[in-house]
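Okay, here's what each chain looks like letter by letter:
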Amino acid sequence: MIPVTEARKIIRENMFSLPPVEVDVEKAVDHVLAEDVYATCDIPPFHQSAMDGYAFVFKDWKNGGSLLVDGEIPAGKGSKAPISTGKAVRIFTGAVVPEGADTVVMQERVTRKGTQLFIEDELLEEGRNIRYKGTEIRKDDLALPEGTVLSPAGVGFLSGVGIARVKVYPMPYVAIVVTGNELQQAGKELQPGQIYESNASMLRAALKQIGIEKISVHLAEDKLDTLTGILGNALKNNDVVLLTGGVSVGDYDFVVRAAENCGVQQLFHKLKQRPGKPLYMGRKENKLVFGLPGNPSSVLTCFYEYVWNALQALCGRERQLTSLNVPLSIAYAKKNALTHFLKGIYKNGEVTPATGQESFRLGSFARANCLIELGEEVKEYEKGEEVTIHLLPLYG
Ligand code: AMP
Ligand code: MG
């Protein structure tokens, strides 16, 4: 058994990003840029009106009274001839400001009599209501650097600077292999000795929260050769294989041996922690294998505390659950020398361990918004004592 800190170190040492791929910008949301991206043109590409109104030469208006309206420029049309002295051009938001014009007045601040324009905007300053060429970004300037996680705004920004395709770190292909002869699918009738299967749908949901969509699920009997076959295939087609159950030392626990049979190199097996003591991690070239426990609550704890970080790294991110130090709302006696991860409810600046911490119980996890990490030492925690919590993804 190794300590939690040692397992974290081993995972860090085995983190890598998948080789970048080029994708359409619109498919790149949530992905991390694998290259610096530069603007293909000035944005705006020309001096642009910021208002529906009139473009004119500021001096002309200040020197004389009214201006003569001569023509109009809607958005999407090329520039007209340069503006001539004493004239104004009807203009719309986003349209090209004609050469020579230096100011736009809002249509709400003018009066028109035929082609005569009276500007009634004493506060108007020269140069107002124009978005100047290149004020957002200049051609060939850095739009977004490598390592940026593309948000919807990022996707829009890159499209707006003329980028159609980008290099990103892809999301991994992940296989979920659920072991256990006792498992039945929800919606079907339980036979004697059976329980409903929880891990596949739960892991699929947790993967989707990262943005991973390329997921396959395999159900495996507790038989060494069957499991070896399924794992072998899963390794061919995936970057990561997550097995659940069958990772302890029972007569029907075949995960570690199946991994060995498939040529997976063991990185660790068994941690000084609760829940999730039997956690296994292995690697075969650039494929990662996690042997998660069977009990659903242990599975998800190990997923968030270990698998999460490794998956984030594959996607090019350096990300863990957000950690906070917060006071306990009640006293808590920790009776053994294992790191504990408790399902917690963080509210109003303090955290309360949820009732029902046993690892076969998922209800507490379903109500929790964080995991409380308590170090290895045996300890009576006092009410108000600070502990470290890891906020679950939707809450971090
Ligand atoms: P194991 O490590 O395979 O002995 O599993 C430990 C416990 O977790 C047993 O009580 C199993 O029935 C339960 N378990 C294993 N896999 C699942 C699953 N996919 N869904 C719900 N419970 C499971
Ligand atoms: Mg089992």
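Residues numbered from 1 in each chain as written. Chains lettered and ligands numbered in written order. Predicted model: local features only at pLDDT ≥ 70, side-chain atom pairs only at ≥ 80, totals over all residues. Heavy atoms only, no water.

Colleague: Can you break down the overall build of the chain residue by residue, with the values?
Modeller: Counting its regular elements, the chain contains eight helices and 29 strands. Taken along the three principal axes of its C-alpha coordinates, the chain extends 95 × 50 × 45 Å. Considering the chain as a whole, with its 396 residues, one finds that 48% of them fall into the buried category. A sequence separation of at least 24 residues applies to 70% of the contacts in the chain between residues at least 6 apart. (Helix = DSSP H or I, 4+ residues; strand = E, 2+ residues; numbered from the N terminus. Buried < 20%, exposed > 50% of the residue type's maximum accessible area, 1.4 Å probe, protein only. Contact = heavy atoms within 4.5 Å.)

Colleague: How would you summarise the packing of aromatic side chains if you had to cite specific residues and measurements?
Modeller: In this description, a pair of aromatic rings is defined by centroid distance and the angle of the planes. Evaluation of the coordinates by the stated rule reveals five aromatic pairs. Ring geometry for Phe 56 and Trp 61: centres 6.2 Å apart, planes at 80 degrees, overall edge-to-face. Across this residue pair, the class does not change: Phe 56 and Trp 61 are buried. Residues Tyr 304 and Trp 308 carry aromatic rings whose centres are separated by 6.0 Å and whose planes lie at 65 degrees to one another, so their mutual orientation is edge-to-face. Here Tyr 304 and its partner Trp 308 are both found in helix H7 (residues 296-314), four residues apart, which amounts to about one turn of the helix. For Trp 308, a relative accessible area of 6% corresponds to the buried category. A network of ring pairs unites the aromatic residues Phe 303, Tyr 304, Trp 308 and Phe 365 as a single cluster. (Phe/Tyr/Trp six-rings, centres within 6.5 Å; stacked < 30°, edge-to-face > 60°.)

Colleague: Requested: an account of the site of ligand 1, with residues and values cited.
Modeller: Taken together, 15 residues are adjacent to ligand 1, and Glu 182, Glu 197, Ser 198, Gly 246 and Asn 295 come closest. One nitrogen or oxygen atom from the side chain of Asn 199 is found 3.1 Å from a nitrogen atom belonging to ligand 1. Relative to its free-state accessible area of 480 Å², ligand 1 is covered by the protein chains to the extent of 77%. Placement of ligand 1 is best described as lying within the largest pocket. Counting only elements with at least two residues in the shell around ligand 1, the list comes to strand E14 (174-179) and strand E16 (195-196). Across the shell around ligand 1, the residue classes break down as five nonpolar, eight polar and two charged. (Near = heavy atom within 4 Å. Polar contact = N/O pair within 3.5 Å; in protein donor to acceptor, adjacent residues only side chain to side chain. Areas by Shrake-Rupley, 256 points an atom, 1.4 Å probe, with all protein chains shown as cover. 1 Å grid on protein atoms, 1.4 Å probe; cavity = no way out; pocket = protein on both sides within 12 Å on 5 of 7 lines; lining within 4 Å. Sits in = over half its atoms within 2 Å of the grid points. Nonpolar A, V, L, I, M, F, W, Y, C, P; charged D, E, K, R; others polar.)

Colleague: With reference to specific residues and values, describe the sheet that holds strand E2 (residues 32-33).
Modeller: The strand order E1-E13-E2 describes an open sheet built from three strands, whose pairing is antiparallel. If you trace the sheet from one side to the other, it starts and ends with strand E1 (21-24) and E2, each paired once. When E1 meets strand E13 (residues 165-169), the two strands line up antiparallel, connected through four bridges. By the bridge assignment for E13, Glu 22 is matched with Lys 167. (Pairing = 2+ DSSP bridges.)

Colleague: Describe in detail the sheet that holds strand E5 (residues 53-56), supporting the description with residues and values.
Modeller: The strand order across the open sheet formed by six strands is E8-E5-E7-E6-E10-E9, and the pairing between neighbours is mixed. A single partner strand is all that each edge strand has here, and the edge strands are strand E8 (103-106) and strand E9 (110-113). The average undirected angle you get between the axes of adjacent strands in this sheet is 40 degrees. Examined bridge by bridge, strand E6 (residues 67-73) and strand E10 (residues 116-119) share two bridges and lie antiparallel to one another. (Axes fitted to C-alpha atoms, helices over the stretch in contact; angles between N-to-C directions.)

Colleague: Could you give an account of the domain arrangement of the chain, with specific residues and numbers?
Modeller: When the domains of the chain are assigned, the result is domain 1 (4-19 + 171-314), domain 2 (21-41 + 136-169), domain 3 (48-131) and domain 4 (323-391). For domain 1 versus domain 3, the separation of C-alpha centres amounts to 66 Å. (Domains from an automatic or database assignment.)

Colleague: Explain helix H1 (residues 4-13) residue by residue, including any values.
Modeller: Taken together, the buried positions of H1 are Val 4, Ala 7, Ile 10 and Ile 11. End-on view of H1: buried residues confined to an arc of 120 degrees, all on one side of the axis. Residues of H1 that are exposed and point more than 90 degrees away from the buried face comprise Thr 5, Arg 12 and Glu 13. Summarising the contacts, the buried residues of H1 are in contact with strand E19 (265-269), strand E20 (273-274), strand E21 (280-284), strand E22 (287-292), H7 and strand E25 (339-347). (Arc of directions from axis to C-beta.)

Colleague: Describe helix H3 (residues 152-160), listing the residues and the values that go with them.
Modeller: Of the positions making up H3, those classed as buried are Gly 154, Val 155 and Leu 158. The arc that holds every buried residue of H3, seen down its axis, measures 100 degrees, which confines them to one face. Seen from the buried face of H3, the exposed residues on the opposite side, beyond 90 degrees, are Pro 152 and Ala 153. Lining the buried residues of H3 we find E2, strand E3 (37-38), strand E12 (142-144) and E13. Once H3 ends, the next one or two residues include Gly 162, with phi positive near 90 degrees.

Colleague: Got a sec to walk through unusual backbone geometry? Specific residues and values, please.
Modeller: The omega torsion of the bond from Ile 43 to Pro 44 falls at -10 degrees, within 30 degrees of zero and hence cis. For Pro 44, the location among the structural elements is in the loop between E3 and strand E4 (48-49). The linkage connecting Arg 274 with the following residue, Pro 275, adopts the cis geometry, with an omega of -5 degrees. The backbone of Asn 129 shows a phi angle near 65 degrees, a positive value even though the residue is not glycine. Secondary-structure assignment places Asn 129 in the loop between E10 and strand E11 (130-131).

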